[in-house]
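Listed below are the residues making up each chain.
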Amino acid sequence: MLSVLLFIWSIPRPVLKFFITGSISHWYQYIWLSAQYWWVGNILAAYWYIPFIMIFFVLSPIFIKQIQLPIKIQVSLFLILLCISTLIHRPLDNFPHLHSVIYFMPVYMLGIICSIKREQVFKFLVGKGFVLGIAVVLMSMAQILLYDHYGNFHRNLLLSYDGIDMMLLQKILMCFFLLSVLQKFEHKDLPFLKYIASASFAIYFIHPWVLYFFEYLSDFGHLNIFIGQLGFVVATPVVLAISLVMAATFKKAFPNKSPFIVGW
């Protein structure tokens, strides 16, 4: 039911250019548009993830085979696929999904490798937080200096060249940086962090609505503080807090149905 309401609310958004290039003048166009968006999961930025991850579930036998391979072969496959991903970039608007699957596959494989070799990875990361943090900053600076571009690298065509996707490399480094920091709290009882972790899936699906709300406020001149680096620093905890409150409200209001509504 919530997905229907979300779809109706999202109709005026620019993302509709995907399937309808002109104005909507007939009622049946809404039905056709609805069917297409439900099929590809592109109602909002967050919902492309659903058909995308379903493809990964279908491919699970391949990843089971990966687990059975020697670790050197797994790492070699990861590096080969990572090179491919840095060349093809993320698809424009995260569509088509096959492009996204190819792009994110090495990241998925890296997660599997790190889970298998968890103890070795954590041991390697001890005392390397500062170095990894500097590496993340340097990678960001290199991206700006080389490409005069910040944010994700997106491309419409799969088989074309437009530089190296440095954001992917930076985010992998950032994951290891965060692991090196958070492993210090591994054996500490932090209820609030556990609470956020349990609600992370709901936060992921709700946060675009919060961002769109602030975007509308900014468009109307009511709120312009969420711009630039300072805006990012302010917006991140604010959006996280509002998304968490909304998720908790749904969970309390619909204790038996909230997993189907917000995924928590």
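Note that the structure is a prediction, hence the values are computed from the model and not measured. (Residues numbered from 1 in each chain as written. Predicted model: local features only at pLDDT ≥ 70, side-chain atom pairs only at ≥ 80, totals over all residues. Heavy atoms only, no water.)

Trainee: Can you break down the packing of helix α3 (residues 49-58) against helix α6 (residues 97-116) residue by residue, with the values?
Mentor: For the pair α3 and α6, interaxial distance at closest approach is 10 Å and the crossing angle is 60°. When the interaxial angle is binned, α3 and α6 end up oblique. For the crossing formed where α3 meets α6, the hand is right-handed. When α3 is examined against α6, the residues P51, F52, I55 and F56 are found in contact with a partner set consisting of H97, S100, V101, F104, M105 and Y108. In the contact of α3 with α6, the residues fall into 8 nonpolar, 2 polar and no charged. (Axes fitted to C-alpha atoms, helices over the stretch in contact; angles between N-to-C directions. Helix = DSSP H or I, 4+ residues; strand = E, 2+ residues; numbered from the N terminus. Parallel < 35°, antiparallel > 145°, perpendicular 65-115°, else oblique. Left-handed = near helix turned anticlockwise from the far one by under 90°. Contact = heavy atoms within 4.5 Å. Nonpolar A, V, L, I, M, F, W, Y, C, P; charged D, E, K, R; others polar.)

Trainee: Pulling in residues and values, what's your account of the pattern of salt bridges?
Mentor: Within this structure, the stated rule accounts for 3 salt bridges. Two residues, R118 and E119, come together in a salt bridge whose shortest N-O distance is 3.3 Å. Looking at R118, the relative accessible area reads 35%, which means it is partly exposed. Salt-bridge contacts for R118 lead to E186; the nearest nitrogen and oxygen are separated by 2.3 Å. Placement of R118 in helix α7 (residues 118-125) and of E186 in the loop between α9 (166-182) and α10 (191-198) is noted, with a sequence separation of 68 residues between them. Each of R118, E119 and E186 takes part in one network of salt bridges that share partners. (Salt bridge = Lys/Arg side-chain N within 4 Å of Asp/Glu carboxyl O. Buried < 20%, exposed > 50% of the residue type's maximum accessible area, 1.4 Å probe, protein only.)

Trainee: Can you lay out the nonpolar core for me, pointing to particular residues and giving the numbers?
Mentor: Core analysis: the largest hydrophobic core is formed by 24 residues, its most contacted members being F52, F56 and F176. Where this core is concerned, the elements lending two or more residues are α3, α5 (71-88), α6, α7 and α9. For this core, the element with the highest residue contribution is α6, accounting for 9 residues. Residue contacts for F56: discarding those within four places in its chain leaves F63, V101, F104, M105 and Y108. (Core = buried A, V, L, I, M, F, W, Y, C linked by side-chain atoms within 4.5 Å.)

Trainee: An account of unusual backbone geometry is requested, with residue identities and associated values reported.
Mentor: Peptide bonds are mostly trans, and most non-glycine residues show a negative phi. Of note, H89 is a non-glycine position whose phi angle comes to about 65°, a positive value. Within the secondary structure, H89 sits in the loop between α5 and β1 (90-91). The exposure class of H89 is buried, given its relative accessible area of 1%.

Trainee: Give me the lowdown on a nonpolar patch on the surface, citing residues and values where you can.
Mentor: Where nonpolar side chains cluster on the molecular surface, the patch consists of F130, V131, I134, V137, L138, M141, L145 and L146 and spans about 880 Å² of accessible area. In this structure, V137 sits in helix α8 (residues 129-147). Residue classification places V137 among the partly exposed residues on the basis of a relative accessible area of 45%. (Patch = residues over 30% accessible without salt bridge, like charges linked within 9 Å, V, L, I, M, F, W, Y side chains within 5 Å. Areas by Shrake-Rupley, 256 points an atom, 1.4 Å probe, with all protein chains shown as cover.)

Trainee: Could you give an account of the confidence of the model for the protein chain, with specific residues and numbers?
Mentor: Across the protein chain, the average pLDDT comes to 81, with 80% of residues at 70 or higher. Per-residue pLDDT, averaged within each element of the protein chain, yields its smallest value for helix α1 (residues 2-10) (39) and its largest for α5 (95). Low pLDDT (under 50) marks residues 1-21, which in the prediction has 40 contacts with non-local residues, meaning those over four places away or in another chain. (pLDDT = per-residue confidence, 0-100.)

Trainee: Before we move on, could you go through α8 and cite the residues and values that matter?
Mentor: Compared with the 27 Å implied by 1.5 Å per residue over 19 residues, the 27 Å span of α8 between its first and last C-alpha is a close match. Buried residues along α8 sit in contact with α7 and α9. Just downstream of α8, D148 is the residue with a positive phi angle, here 50°. (Expected span 1.5 Å × (residues − 1).)

Trainee: For α9, give the residues involved together with the corresponding values.
Mentor: The terminal C-alpha atoms of α9 lie 24 Å apart, and with 17 residues this matches the ideal 24 Å at 1.5 Å per residue to within 8%. All of the buried residues in α9 are M166, M167, L168, Q170, I172, F176 and S180. The elements touched by buried residues of α9 are α5, α6, α7 and α8. Sitting at the head of α9, D165 places a side-chain oxygen 3.1 Å from the backbone nitrogen of M167. (Polar contact = N/O pair within 3.5 Å; in protein donor to acceptor, adjacent residues only side chain to side chain.)

Trainee: So what about the environment of F153? Which residues, and what values?
Mentor: Take F153: it is sitting in the loop between α8 and β2 (154-155). Using a relative accessible area of 6% as the deciding quantity, one classes F153 as buried.

Trainee: Could you give an account of the side chain of Q170, with specific residues and numbers?
Mentor: As for its position among the elements, Q170 is in helix α9. With residues up to four places along the chain from it excluded, the contact list for Q170 reads V136, M139 and S140.

Trainee: An account of the packing of aromatic side chains is needed here, citing residue identities and associated values.
Mentor: Applying the stated rule across the entire model yields 11 aromatic pairs. Here Y103 and F104 contribute two aromatic rings whose centre-to-centre distance is 4.9 Å and whose plane-to-plane angle is 90°, an arrangement assigned as edge-to-face. Pairwise contacts between aromatic rings join F52, F56, F63, Y103, F104 and Y108 into one cluster. Above the ring of F124, the side-chain terminus of K128 is found at 4.5 Å from the ring centroid. A cation over an aromatic ring shows up here: K251 above the ring of W264, its NZ or CZ 5.0 Å from the ring centre. (Phe/Tyr/Trp six-rings, centres within 6.5 Å; stacked < 30°, edge-to-face > 60°. Lys NZ or Arg CZ within 6 Å of the ring centre and 35° of its normal.)

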